[in-house]
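Here is how the chains run, residue by residue.
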Amino acid sequence: MASIRRELVALIERGAIPREQVARAVALSGLHPSGRAWGVFLDRLLLWLGALALVFGVLFLVAYNWAEMGRLMRFGLVQAALLVAIAVYVWAEVRGAASDLVPRVALMAAALLLGVLLALVGQVYQTGADPWQLFFVWAVLMLPWALVARFDALWLLWLGLLNLSLALYFRTWGGLFGLFSGDTGALWGLFILNTLALAVWELGARRWRWLSRGWPVQLLALGGGVPLTLLMMSWVVAERLAFSPVLPVYLLWLVALYVVYRHWRPDLFMLAGGCLSIIVVVTLLLGRHLLWQGGAESFLVLSMAVLAMGAAAVFWLKRLHREMSS
């Protein structure tokens, strides 16, 4: 659908389609969803919302009636819901459901209920485990399900649990193997984890078609780019601008982002994210020297610099969009 839209826009911009025929061309291209497409969309939306409502309903039912429920009732309710979700997944796979979305939704519900069960164990028995251990054990236990399901949303949930466990680990212990420490170490850990996941995802998508290259890849790119940009910002606002490993890593990341998503697999979202990161870092660097050492006129200079960088980024991205559409 996105390629059809790009091709249609390119034809309109080149004048291949007369202005008075644009509406008819759009109608014939199938860009506007039909009644059947709306029905499929609503069916899938209600399926997801229903599954999530059941999962959170079990969670809130146990939490609200904690004092009235005994230990056996709490565990029995959560485990029964978990078994039902797994049974629905097995039934849909064995019977060959008309849509592969039913087993995926069932397995996603089971993965969420697994987290509810682990939280219930920690709350009832007061094991004294750190919060990061809950999310890490949750990720370890649901890994076989992610391998079996071959569902990109389930893999993103697994990676999200790893991100949470890593961030909470640094908050609890303040470092990892003596190499990283504090908030800076947590940012380094998140950058390395998500960047490696992005690389593996991109390479795996060439072999396994079930790995989507749409929003999951963009989400992983944000998970790696945001921590690295924050590391650069922390270096800029440091008391002394000494050499830091974040400098070559940041430059290498920008080069890799340009080469991969400009030439190997063009993606405007990724390139726009790189431009935004550069604008943020350069603006902060200019603000350090202009605002901390200059006067009121520094605000005008800084605003003009931001406008100039934004305009240059928009001009370059629009030119790339035309090239990709042609």
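Data block above holds the structure.
These figures come from a predicted structure and were not determined experimentally. (Residues numbered from 1 in each chain as written. Predicted model: local features only at pLDDT ≥ 70, side-chain atom pairs only at ≥ 80, totals over all residues. Heavy atoms only, no water.)

Moving on, we get to the overall build of the protein chain. Each helix and strand in the protein chain was counted, giving 12 helices and two strands. Listing the helices and strands of the protein chain from first to last along the sequence gives α-α-α-α-α-α-α-β-β-α-α-α-α-α. Across the 326 residues of the protein chain, 36% fall into the buried class. A separation of at least 24 residues holds for 63% of the contacts in the protein chain among residues at least 6 apart in sequence. As displayed, the protein chain offers around 19,800 Å² of accessible surface, 69% of which is attributable to carbon and sulfur atoms. (Helix = DSSP H or I, 4+ residues; strand = E, 2+ residues; numbered from the N terminus. Buried < 20%, exposed > 50% of the residue type's maximum accessible area, 1.4 Å probe, protein only. Contact = heavy atoms within 4.5 Å. Areas by Shrake-Rupley, 256 points an atom, 1.4 Å probe, with all protein chains shown as cover.)

A few words now on helix α5 (residues 101-125). Compared with the 36 Å implied by 1.5 Å per residue over 25 residues, the 36 Å span of α5 between its first and last C-alpha is a close match. The buried fraction of α5 amounts to 18 of the 25 residues, a majority that puts the element mostly inside the structure. In the stretch just after α5, Gln126 is the one whose phi turns positive, near 50°. (Expected span 1.5 Å × (residues − 1).)

Interaxial distance between helix α6 (residues 131-149) and helix α7 (residues 152-173) falls to 8 Å at its minimum, and their mutual angle equals 160°. Of the possible angle classes, the one that applies to α6 and α7 is roughly antiparallel. Taken as a pair, α6 and α7 cross one another with a handedness that is left-handed. Contacts between α6 and α7 involve Pro131, Trp132, Phe135, Phe136, Trp138, Ala139, Met142, Leu143, Trp145, Ala146, Leu147 and Ala149 on the former and, on the latter, Leu154, Trp155, Leu157, Trp158, Leu161, Leu162, Leu164, Ser165, Leu168, Tyr169, Thr172 and Trp173. Residue classes in the contact of α6 with α7 are distributed as 22 nonpolar, two polar and no charged. (Axes fitted to C-alpha atoms, helices over the stretch in contact; angles between N-to-C directions. Parallel < 35°, antiparallel > 145°, perpendicular 65-115°, else oblique. Left-handed = near helix turned anticlockwise from the far one by under 90°. Nonpolar A, V, L, I, M, F, W, Y, C, P; charged D, E, K, R; others polar.)

Taken as a whole, this structure holds four salt bridges when the rule is applied. Across the pair Glu202 and Arg265 runs a salt bridge, and its minimum N-O distance is 2.8 Å. Of this pair, Glu202 sits in helix α8 (residues 182-205) while Arg265 is found in the loop between α10 (246-264) and α11 (268-290), placing the two residues 63 residues apart along the sequence. The salt bridge partner of Asp267 is Arg265, with a shortest N-O separation of 3.7 Å. Neither Asp267 nor Arg265 differs from the other in exposure class; each is buried. What emerges from the salt-bridge pattern is a single network uniting Glu202, Arg265 and Asp267. (Salt bridge = Lys/Arg side-chain N within 4 Å of Asp/Glu carboxyl O.)

What follows is about the packing of aromatic side chains. Inspection of every chain in the model, using the stated rule, returns 11 aromatic pairs. Aromatic pair Trp48 and Phe151: ring centres 6.0 Å apart, planes at 20°, arrangement stacked. Placement of Trp48 in helix α3 (residues 35-64) and of Phe151 in the loop between α6 and α7 is noted, with a sequence separation of 103 residues between them. Relative to Phe170, the ring of Tyr169 lies with its centre 6.2 Å away and its plane at 85°, an arrangement referred to as edge-to-face. Residue class for Phe170 comes out buried when judged on its relative accessible area of 4%. (Phe/Tyr/Trp six-rings, centres within 6.5 Å; stacked < 30°, edge-to-face > 60°.)

The relative placement of two packed helices comes down to the angle between their axes together with the axis-to-axis distance. Between α3 and helix α4 (residues 71-95), the shortest axis-to-axis distance is 10 Å and the interhelical angle comes to 180°. Comparing their axes, α4 and α3 come out roughly antiparallel. Listed contacts from α4 to Val58, Leu61 and Val62 of α3 are Arg74, Leu77, Val78 and Ala81. In the contact of α3 with α4, the residues fall into six nonpolar, no polar and one charged.

Once that is clear, we can look at the environment of Leu61. On the secondary structure map, Leu61 appears in helix α3. The exposure class assigned to Leu61 is partly exposed, which follows from its relative accessible area of 38%. For the pair Leu61 and Arg74, spaced 13 residues apart in sequence, the C-alpha separation works out to 9.3 Å. If near-sequence neighbours (up to four positions away) are discounted, Leu61 is found in contact with Met69 and Leu77.

Once that is clear, we can look at the side chain of Glu202. Looking at Glu202, the relative accessible area reads 4%, which means it is buried. Among the polar contacts listed, one links the side chain of Glu202 to the side chain of Tyr261, at a separation of 2.7 Å. If near-sequence neighbours (up to four positions away) are discounted, Glu202 is found in contact with Arg213, Val217, Tyr261, Trp264 and Arg265. (Polar contact = N/O pair within 3.5 Å; in protein donor to acceptor, adjacent residues only side chain to side chain.)

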